[in-house]
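Each chain is listed here by its residues.
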Amino acid sequence: MSVTFDLVIRDVDVVDGSGAPRFRADVAVDGAHIARIGDLAGVSGREEVRAAGFCLAPGFIDTHTHDDRVLLSHGEMMPKVSQGVTTVIGGNCGISLAPMPRPQSVPVPPLDLLDAEGTWYRYKRFTEYFSALRSQPAATNCAMLVGHTTLRVIEMDDVNRPASAAEISRMQSHVEEAMEAGAIGASTGLAYAPAACATTEEVIEVCRPLTLHQGLYCTHMRDEGDTVMESLEESFLIGRALQVPVLISHHKVVGQANFGRSEETLQLIAEQMQKQPVCLDCYPYEASSTILTLKLLNASKRTVVTWSRSLPEFAGRDLDDVASVLGCSREEAVTRLQPAGAVYFRMEDRDVNRILKFEETMIGSDGLPHDEVPHPRLWGTFPRVLGHYSRDMGLFPLEKAVHKMTGLSATRFGLAGRGFLREGYAADMVLFNPLTVADQATFEHPMRPAMGINTVWTNGAPVWRNSSTTGKRPGHLLRRTA
Ligand code: ZN
Ligand code: CU
């Protein structure tokens, strides 16, 4: 008697997300879940895919995104599904789209990274934002953090000072509301002006509700340059005070004076992991990207404008060129371009390689989906790790690369039933060619889809096939199981 499943993928190399060596098998999917893995000669699929020569991996988890709004405004999620990503974590770096009592006509940087026009800041509470995400799902799953900077902007008349006790208690109740609604944790962006005056104590008190809900504390640290070690210590301290896991976002060391110091930072992180839960992610590039600010110019060898609201024609241009066209200094050009974003070349390959290779490092793109000429990490991160770093450079085996973007991330984020190819798990899957998978997005042409990604399924439904999105939007809003 033959059994029929919705989909059977045959003779595929299963890279299951655990880091274990790949094995040849057939994979059957029923509805939104993986039904069977093994020799399925006796079963048939309503749809059959012959996949000899291809790898099947769990859908990639983008652990660090700013997709809060794009999930709603461009839910086909092309930059992500074209790379094999099926889950995104939003609300990073202290910036979340909710809660916001009223639309912001000129959002305070860096809140403008999510929406420079401010009209998407329309969800007063996390419950409202989450019901929007549920009623119009995207092509990928998502899980969300509540941003400390967003809370400061809505609860303080002046962000250039530490918060008062009353402000702290109001921010704390927003964190509580977000966690009740199903947020997976909170994020800070202490390096950015609107949160730079927050004390360690303020962060601990605002994030207090994380303890009860066992939410994650994710941080774009106060500094990733000269005082990176002190910033790590502060992050660990906050995690200990709250008794929750700490996630060091987009770990890097910046500025020429600090090149090579990832040796120190990773040693400290490894030691601390013996004492408290700590995790980290990074993106596979030597340039960073965020808002355009004077503060970041000095440590950067080269700076390229990614968007500008006042002088949009300069998107994609080198800041030095902009200054010469405008006939002014670089500093003056920065002022005239505001509000704006930029790419900063300020890291070294040794550090990027060492951090990527570190056993516990997960992969997160930090892509900025609304930038006019975005950093290529938005379209290229995952295939770049598989192609450039794993296959071509041999930094680690393919199985390890996949683990860093699937099983490890699902485990650290508490995304139960995801991140591994196992019977009963969600059918979030990516079929790719291990010989050709590669990023195509460059700093010159940053919006080119990757090569070698054949088909991508979210919850059993195809979202990327034949080099295009399918229009399906099967994504779920995920919660954390601590
Ligand atoms: Zn950040
Ligand atoms: Cu970020």
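Residues numbered from 1 in each chain as written. Chains lettered and ligands numbered in written order. Predicted model: local features only at pLDDT ≥ 70, side-chain atom pairs only at ≥ 80, totals over all residues. Heavy atoms only, no water.

Thoughts on the coordination of the copper ion (ligand 2)
(1) Moving on: Bound to the copper ion (ligand 2) on the protein side are H64 (NE2), H66 (NE2), C93 (SG) and D366 (OD), at distances that span 2.1 to 2.4 Å.
(2) Moving on: For the copper ion (ligand 2), the 4 donor atoms in the first shell make angles of 85 to 163° at the metal, a pattern classed as irregular.
(3) Moving on: Sequence spacing among the residues donating to the copper ion (ligand 2) works out to H-x1-H-x26-C-x272-D.
(4) Moving on: The metal-metal distance between the copper ion (ligand 2) and the zinc ion (ligand 1) is 3.1 Å, with C93 serving as a donor to both. Pair noted here: H64 is in the loop between β6 (60-62) and α1 (70-73) and D366 is in the loop between β16 (361-363) and α15 (377-392), with a separation of 302 residues, a long-range link. (Donors = N, O, S within 2.8 Å, 3.2 Å for Na, K, Ca; no water. Tetrahedral: all angles 85-135°; square planar, octahedral: opposite > 155°, others 65-115°. Helix = DSSP H or I, 4+ residues; strand = E, 2+ residues; numbered from the N terminus.)

Quick notes on the coordination of the zinc ion (ligand 1)
(1) Moving on: Donor atoms from the polypeptide that coordinate the zinc ion (ligand 1) comprise C93 (SG), H220 (ND1) and H250 (NE2), at 2.0 to 2.2 Å from the metal.
(2) Moving on: Mapped onto the polypeptide sequence, the residues donating to the zinc ion (ligand 1) form the spacing pattern C-x126-H-x29-H.

Here we look at the packing of α15 against helix α16 (residues 398-405)
(1) Moving on: As a packed pair, α15 and α16 sit with axes 10 Å apart at the nearest point and diverge in direction by 155°. Considering the angle they form, α15 stands roughly antiparallel to α16. Where α15 crosses over α16, the two elements pack in a sense that is right-handed. Contact residues: α15 offers F382, V385, L386 and S390, while α16 offers L398, A401, V402 and M405. (Axes fitted to C-alpha atoms, helices over the stretch in contact; angles between N-to-C directions. Parallel < 35°, antiparallel > 145°, perpendicular 65-115°, else oblique. Left-handed = near helix turned anticlockwise from the far one by under 90°. Contact = heavy atoms within 4.5 Å.)

Quick look at helix α9 (residues 228-242)
(1) Moving on: In this model α9 runs 21 Å from its N-terminal to its C-terminal C-alpha over 15 residues, within 8% of the 21 Å that 1.5 Å per residue would give.
(2) Moving on: Turning to α9, the residues buried within the fold contact α7 (200-206), α8 (209-213), β10 (216-220), β11 (246-248), α10 (262-273) and β12 (278-282). (Expected span 1.5 Å × (residues − 1).)

Things to note about the domain arrangement of the chain
(1) Moving on: Taken domain by domain, the chain consists of domain 1 (3-57 + 425-433 + 450-469), domain 2 (59-287 + 346-412) and domain 3 (288-345).
(2) Moving on: For domain 1 and domain 3, the distance between their C-alpha centres works out to 44 Å. (Domains from an automatic or database assignment.)

Brief notes about empty space enclosed by the protein
Rolling a probe over the atoms, with the probe sized like a water molecule, indicates the empty space that remains.
(1) Moving on: Tallying each qualifying case throughout the model produces 2 cavities of 30 Å³ or more.
(2) Moving on: Of the voids in this model, the largest cavity is the one considered here, and its volume is about 80 Å³.
(3) Moving on: If you trace the largest cavity, you find it lined by H250, H251, K252, V253, C282, Y283, Y285, M347, E348, D351, V352 and I355.
(4) Moving on: Size it by volume and the second largest cavity reaches roughly 50 Å³.
(5) Moving on: In terms of lining residues, the second largest cavity is bounded by Y192, H220, H250, K252, Y283, S288, S289, T290, R346 and D366. (1 Å grid on protein atoms, 1.4 Å probe; cavity = no way out; pocket = protein on both sides within 12 Å on 5 of 7 lines; lining within 4 Å. Points joined across faces, edges and corners; volume = space filled by probe spheres on them.)

A word on the state of the cysteines
(1) Moving on: For the coordinates displayed, the defined rule picks out 0 disulfides.
(2) Moving on: Considering cysteine sulfurs only, C207 is the nearest to C197, which forms no disulfide, with 17 Å between them. (Disulfide = S-S within 2.5 Å.)

A closer look at the pattern of salt bridges
(1) Moving on: According to the stated counting rule, one finds 31 salt bridges in the structure shown.
(2) Moving on: Here K80 makes a salt bridge to D67, at a shortest N to O gap of 2.6 Å. Remark: D67 occurs in the loop between β6 and α1 and K80 occurs in helix α2 (residues 78-81); sequence separation between them is 13 residues. D67 matches K80 in its accessibility class, with the two residues each being buried.
(3) Moving on: Put simply, R354 and E263 hold a salt bridge, and the shortest N to O gap is 3.6 Å. (Salt bridge = Lys/Arg side-chain N within 4 Å of Asp/Glu carboxyl O. Buried < 20%, exposed > 50% of the residue type's maximum accessible area, 1.4 Å probe, protein only.)

So, the sheet that holds strand β9 (residues 185-189)
(1) Moving on: What the 8 strands build is an open sheet, ordered β6-β7-β8-β9-β10-β11-β12-β16; its pairing is parallel. Because the sheet does not close on itself, it has two edges, and the strands there are β6 and β16. With strand direction ignored, the average angle separating the axes of adjacent strands in the sheet is 30°.
(2) Moving on: On the sheet, α15 packs against β6, β7 (85-90) and β16 and is oriented at approximately 125° with respect to β6. (Pairing = 2+ DSSP bridges.)

Topic: the pairing of strand β17 (residues 429-432)
Two faces make up the sheet, and in a regular strand the side chains alternate between them.
(1) Moving on: Going residue by residue along β17, you find M429 and L431 tucked away on one face and V430 and F432 tucked away on the opposite face as well.
(2) Moving on: Where strand β5 (residues 55-58) and β17 come together, 4 bridges link them in antiparallel fashion. By the bridge assignment for β17, L56 is matched with L431.
(3) Moving on: Note: β17 against strand β18 (residues 453-458), 4 bridges, orientation antiparallel. Considered in β18, the bridge of L431 is made with T455.

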